[in-house]
Amino acid sequence: MNFEGTYVAMVTPFTKEGTLDEEGFRSNINYLIDKGVNGLVGAGTTGESATMTHEEHHRVIEVLVDEVNGRVETVAGTGSNATSEALSLTEFAYDVGADAALLITPYYNKPQQHALVDHYGTIAEKCDIPLIAYNVPSRTGSNIEVDTAVELAKIDGVDAIKEASGSVDKVSDIYRALTHEGLEDDFNILSGEDSLTLPIMAVGGTGVISASANIDARRMVLMVDSVLNDDYTRAMELHYEMLELIRALFIESNPVPVKTAMRLMGLPAGPLRQPLCDMKEENLEVLKKALKDSDLI
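Let me sum up the structure you'll find in this document. (Residues numbered from 1 in each chain as written. Predicted model: local features only at pLDDT ≥ 70, side-chain atom pairs only at ≥ 80, totals over all residues. Heavy atoms only, no water.)

**So, the overall build of the protein chain**
The test is simple: Strands are runs of DSSP state E lasting at least 2 residues, helices are runs of H or I lasting at least 4, and numbering of each runs from the N terminus. The size measure is the radius of gyration over C-alpha atoms, and the globule rule it meets is 2.2 Å times the number of residues to the 0.38 power. Exposure categories follow from relative accessible area, calculated using a 1.4 Å probe and restricted to protein chains: below 20% of the type maximum is buried, above 50% is exposed, and the middle band is partly exposed. Residue contacts are defined here by distance: any two heavy atoms, one from each residue, within 4.5 Å place the two residues in contact. Just so you know, the count uses Lys and Arg for positive and Asp and Glu for negative, and it drops His and the chain ends. The location of each charge is read from NZ of Lys, CZ of Arg, CG of Asp or CD of Glu.
Check the secondary structure of the protein chain and you find 12 helices and eight strands. Its C-alpha atoms give the protein chain a radius of gyration of 18 Å, near enough to 19 Å, the size a compact globule of 297 residues would have. If you line up the protein chain on its principal axes, its C-alpha atoms span 50 × 45 × 35 Å. Looking at the protein chain residue by residue over its 297 residues, the buried ones come to 56%. The long-range share in the protein chain, meaning contacts at least 24 apart out of those at least 6 apart in sequence, stands at 72%. Placing the 23 positive and 48 negative side-chain charges of the protein chain at their respective mean positions leaves the two points 8 Å apart.

Have a look at this one:
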């Protein structure tokens, strides 16, 4: 499967009582589709998957597939630090009709590089759904190295990597290594760092899985599409238009500022789940200013 364009790492809205807000989630899905996104990710880490029950996790994926109804691509977050659990979630996503699955690298247990290949290979072998490996070492303690990314690209069914290591050099090295193997057209690199999406795409990336697009999908879509159409002048203008907002949206742990911004914009978000909590007042003021400067509130 070819992954290209803007995919939104959606938040999971909760009610005041802390339960899944299905109506709000459906509303957010339609809001983002209207902004022109290419795909939506449900039950990922921005969706607070770490604090959802399996039943809630399943339901988010079901609602995503049902509400989208084929209008854009649906990507289910199915990663875990246990391969068996990740496989079970991925099989569920396949069974309910998701287009693809996003699997964060196993966290805390820090598998070796060859173990990462085995992890994704096991799931790809047993479940016929396109997989996106998600590399975010600052959160997981596990880093997909360049040679390992190439080995993943050779696995039938592992079609992309979401790169959130924070290094454009790393993306350059992955893309160059893919070209040496003739794999650059079969394996996509997606930005996992919103502020680095433009440079990542400039060195071989094909799009972004974006948390900030919950807030400003229109401009993110325009920027990504500008790069895909080789209009780097317009892409650079949009990059700088969004830069301070993106920084404000990551001033505290994701998705705390994103959900806060959504509440300020009147979008369904609801409370955070512990151990996350509301923003510090001084950071909230920075976020409010960025939203006002971007004409979003």
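Continuing now.
**Let's talk about the packing of helix 6 (residues 146-153) against helix 7 (residues 168-180)**
This is how the line gets drawn: Axis lines are fitted through C-alpha atoms, for helices just across the contact stretch, and the angle between N-to-C directions can take any value from 0 to 180 degrees. If an angle is under 35 degrees, it is roughly parallel; if it is over 145, roughly antiparallel; if it lies from 65 to 115, roughly perpendicular; otherwise it is oblique. Helix crossings fall into two classes, left-handed where the near helix is turned counterclockwise from the far one by less than a right angle and right-handed where it is turned clockwise. Each residue gets one of three labels, nonpolar for Ala, Val, Leu, Ile, Met, Phe, Trp, Tyr, Cys and Pro, charged for Asp, Glu, Lys and Arg, and polar for the others, Gly among them.
Direction vectors running N to C along helix 6 and helix 7 enclose 45 degrees, while the axes themselves pass 9 Å from each other. Here helix 6 is positioned oblique relative to helix 7, judged by the angle of their axes. Crossing of helix 6 over helix 7 shows right-handed handedness. Where helix 6 abuts helix 7, its residues V146, A149, V150 and A153 lie against K170, D173, I174, A177 and L178. Taken together, the residues of the contact of helix 6 with helix 7 break down into seven nonpolar, no polar and two charged.

**Topic: helix 12 (residues 281-293)**
Each full turn of the α-helix corresponds to 3.6 residues, which orients residues three or four apart in the same direction. We count it as follows: Under the convention used throughout, the expected extent of a helix is 1.5 Å for every residue step, that is, one less than its residue count.
With 13 residues, helix 12 ought to run about 18 Å at 1.5 Å a step, and its terminal C-alpha atoms sit 18 Å apart, in line with that. Summarising the contacts, the buried residues of helix 12 are in contact with helix 9 (213-228), helix 10 (232-249) and helix 11 (256-264). Positioned one or two residues after helix 12, D295 has a phi angle of 60 degrees, which is positive.

**Comments concerning the layout of surface pockets**
Definition in use: Cavities and pockets are found on a 1 Å grid laid over the protein atoms alone: a cavity is a set of points where a 1.4 Å probe fits but cannot escape, a pocket is an open set with protein on both sides within 12 Å along at least five of seven lines, and a lining residue has an atom within 4 Å of such a point. Grid points are joined across faces, edges and corners, and a volume is the space filled by probe spheres set on the points.
The computed volume of the largest pocket comes to approximately 930 Å³. T45, T46, I104, R139 and N254 are, among the 44 residues lining the largest pocket, the residues nearest its centre. Elements that contribute at least two residues to the lining of the largest pocket include exactly helix 2 (54-68), helix 3 (83-96), strand 4 (100-104), helix 5 (137-140) and strand 8 (207-210). Grouping the constituent residues of the lining of the largest pocket by class yields 18 nonpolar, 18 polar and eight charged.

**Overview of empty space enclosed by the protein**
Taken as a whole and assessed by the stated rule, the structure comprises one cavity of 30 Å³ or more. Volume-wise, the largest cavity comes out at about 40 Å³. Lining the largest cavity, in full, are A9, V41, G44, T45, T46, L102, Y134, K162 and I209. Here the residues of the lining of the largest cavity are counted per class, giving five nonpolar, three polar and one charged.

**Side note on the side chain of E252**
Note the cut-off: Any carboxyl oxygen of Asp or Glu within 4 Å of a side-chain nitrogen of Lys or Arg constitutes a salt bridge here.
Tracing the sequence through the fold places E252 in the loop between helix 10 and helix 11. Buried and unpaired, E252 has K280 as its nearest opposite-charge partner, separated by 6.2 Å. Every residue in contact with E252, bar those within four places of it in the chain, is listed here: P257, D278, M279, K280 and N283.

**A look at the environment of E23**
For E23, the position within the fold is in helix 1 (residues 22-34). Assessed through its relative accessible area of 67%, E23 is described here as exposed. A sequence separation of 208 residues divides E23 from D231, and the C-alpha atoms of the two residues are 38 Å apart.

**Description of the pairing of strand 3 (residues 73-77)**
Selection rule: The criterion for strand pairing is that DSSP finds at least two bridges linking the strands in question. Handedness of a crossover: with both strands directed away from the viewer, a clockwise path from the first strand across the helix to the second marks it as right-handed.
For strand 3, a buried count of four out of five residues is recorded, marking the element as mostly surrounded by other parts of the structure. Relative to strand 3, strand 2 (residues 39-42) runs parallel, the two sharing four bridges. From the neighbouring strand, G42 faces strand 3, where its bridge partner is A76. Where the polypeptide runs from strand 2 across helix 2 and back to strand 3, its parallel neighbour, the crossover connection is right-handed. The sheet contact formed by strand 3 and strand 4 spans three bridges and is parallel. For G77, the partnering residue across the bridge sits in strand 4 and is L102. Handedness of the crossover joining strand 3 and strand 4 through helix 3 is recorded here as right-handed.

Any functional reading would require information beyond the geometric quantities listed.
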